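Here are the chains, one letter per residue:
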Amino acid sequence: MQILVLGGDGYLGWPTALHLSAAGHEVAVSDNFARRGYDEELGVDSLVPIATLEERVAAWRDVSGKTIKAYVGDLCDAPFVHSMVGDFRPETIVHFGEQRAAPYSMIDQAHAIYTQTNNVVGNLNVMYAIADIDRDIHLVKLGTMGEYGTPNIDIEEGWFEVVHNGRKDRVLFPKRPGSFYHLSKVHDSHNIEFGCRIWGMRATDLNQGVVYGADTEQTKLDSRLATRFDYDGVFGTVLNRMVIQAVLGHPLTIYGDGSQTRGLINIVDTVECIRIASENPAERGEFRVFNQMTESMSVKQIAETVAAEYPGEATIQHLENPRVEAEGHYYNVTHSRLEELGLKPTLLSTTLIDHLFDVVERNKDRVDLAAILPTVHWRETTNELRPQIAAS
């Protein structure tokens, strides 16, 4: 199968491209290196050193004998997107190519506008390229569990049957996102569902939980194949961040009382979910939604698990929550469809956490402790920092 991975230089995009290539697919990646530009803007870097895309592609050829084609360009540039899709002629497009951090979108007005423009316009350009070039292309789009918020009812997989005044209908599950980033993902979902209705697109929307982990089977083959590992207060995900705090003797920081519950997924399962979704495409005109997570834990439970597994002393510190979010909320998520298609979940375990401790220990000299604490507050509306998104 010909598979094009958008955002193929990123934390998830790069190991996904490797996983798909290893599975026998012909893979191309696209990126504008904006994620590397965010590091320059914020003055931080990946805990694990990462090679350039050119070096990564060469390393994969050395290790596997397989070729990954690379396109460099911006998804907000419609002619570039049309040209790339027309040149590679993919059967599946895997779309990771968006600004992915809620805190980044909440820095100020400029970052909110950039996030929504970049994400929504880029996604629309991809949709139009599919509609114009080949409507049989299957769009596998990375969404987020954060689209749903924390409703006081069970979260179904995308669709919801509602009865109102004696009448019944099937509608998209109500969304209550928690940041301008999450809102951009909701806009994407609605736009894609509309594209399925009007153009007969095939689409799978993957509402993913919080990802943790540093390696996949392929990234471990050569240091040049490593993916990034973020720990800072803007892009760092909670479990990865807390592992770093434990190794450095820094308190594990919990925002608020820590009762906020989140869906989790290991990076190994993320890349496998993409393979499964790609090899089992949606029907023409179908907008299907998979909740891509394997287990749920509260932030406090995550911290307690990391502290219990760390061989040294690890303390926990509660901070004032910089976000506006519910605590002590109900959270029950249906996530069966990927398992029905063959996913075997990798649950959080002592072995996985120990591996993360090892990764951090090897790279701890690269940590900037000042970058760990939160600097972005949801209730503030400052407009002092302008987003710098130039390629690095």
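Residues numbered from 1 in each chain as written. Predicted model: local features only at pLDDT ≥ 70, side-chain atom pairs only at ≥ 80, totals over all residues. Heavy atoms only, no water.

1. A short note on the packing of helix H1 (residues 13-22) against helix H3 (residues 53-64)
- With their axes 12 Å apart at the nearest point, H1 and H3 run at an angle of 20 degrees to one another. Overall, the two elements H1 and H3 adopt an arrangement that is roughly parallel. Taken as a pair, H1 and H3 cross one another with a handedness that is right-handed. Where H1 approaches H3, its residues Trp14, Leu18, Ser21 and Ala22 are matched on the opposing element by Leu53, Arg56, Val57 and Trp60. (Axes fitted to C-alpha atoms, helices over the stretch in contact; angles between N-to-C directions. Helix = DSSP H or I, 4+ residues; strand = E, 2+ residues; numbered from the N terminus. Parallel < 35°, antiparallel > 145°, perpendicular 65-115°, else oblique. Left-handed = near helix turned anticlockwise from the far one by under 90°. Contact = heavy atoms within 4.5 Å.)

2. Digging into the side chain of Glu98
- Considering the arrangement of structural elements, one finds Glu98 in the loop between strand S4 (92-95) and helix H5 (102-105).
- Overall, the relative accessible area of 11% leaves Glu98 in the buried class. (Buried < 20%, exposed > 50% of the residue type's maximum accessible area, 1.4 Å probe, protein only.)

3. Overview of the side chain of His138
- Tracing the backbone shows His138 in strand S5 (residues 138-144).
- Contact partners of His138, with chain neighbours within four places excluded, come to Glu91, Thr92, Ile93, Arg202, Ala203, Thr204, Ala277, Ser278, Pro281, Ala282 and Arg288.

4. Structural notes on empty space enclosed by the protein
- Considering all chains together, one arrives at two cavities of 30 Å³ or more under this definition.
- Here the largest cavity is characterised by a volume of approximately 50 Å³.
- Lining of the largest cavity is provided by Tyr11, Arg100, Asp230, Phe235, Thr237 and Asn240.
- Its residues assigned to classes, the lining of the largest cavity shows two nonpolar, two polar and two charged.
- Counted as a void, the second largest cavity has a volume near 40 Å³. (1 Å grid on protein atoms, 1.4 Å probe; cavity = no way out; pocket = protein on both sides within 12 Å on 5 of 7 lines; lining within 4 Å. Points joined across faces, edges and corners; volume = space filled by probe spheres on them. Nonpolar A, V, L, I, M, F, W, Y, C, P; charged D, E, K, R; others polar.)

5. Focus on unusual backbone geometry
- One non-glycine residue with positive phi stands out, namely Phe33, at about 65 degrees.
- Residue position: Phe33 is located in the loop between strand S2 (26-31) and helix H2 (34-42).
- The class for Phe33 is buried, based on a relative accessible area of 15%.
- The phi torsion at Asn165 lies on the positive side, around 50 degrees, for a residue other than glycine.
- Residue placement: Asn165 occurs in the loop between strand S6 (159-164) and strand S7 (167-172).
- For Asn165, a relative accessible area of 69% corresponds to the exposed category.

6. Description of the pairing of S7
- Bridge analysis of S6 against S7 gives six bridges, and the strand direction is antiparallel. Pairing of Phe160 across the sheet is with Val171, part of S7.
- What sits between S6 and S7 in their antiparallel hairpin is a turn of two residues, with Asn165 showing a positive phi close to 50 degrees. (Pairing = 2+ DSSP bridges.)

So yeah, pure geometry; function would need other evidence.
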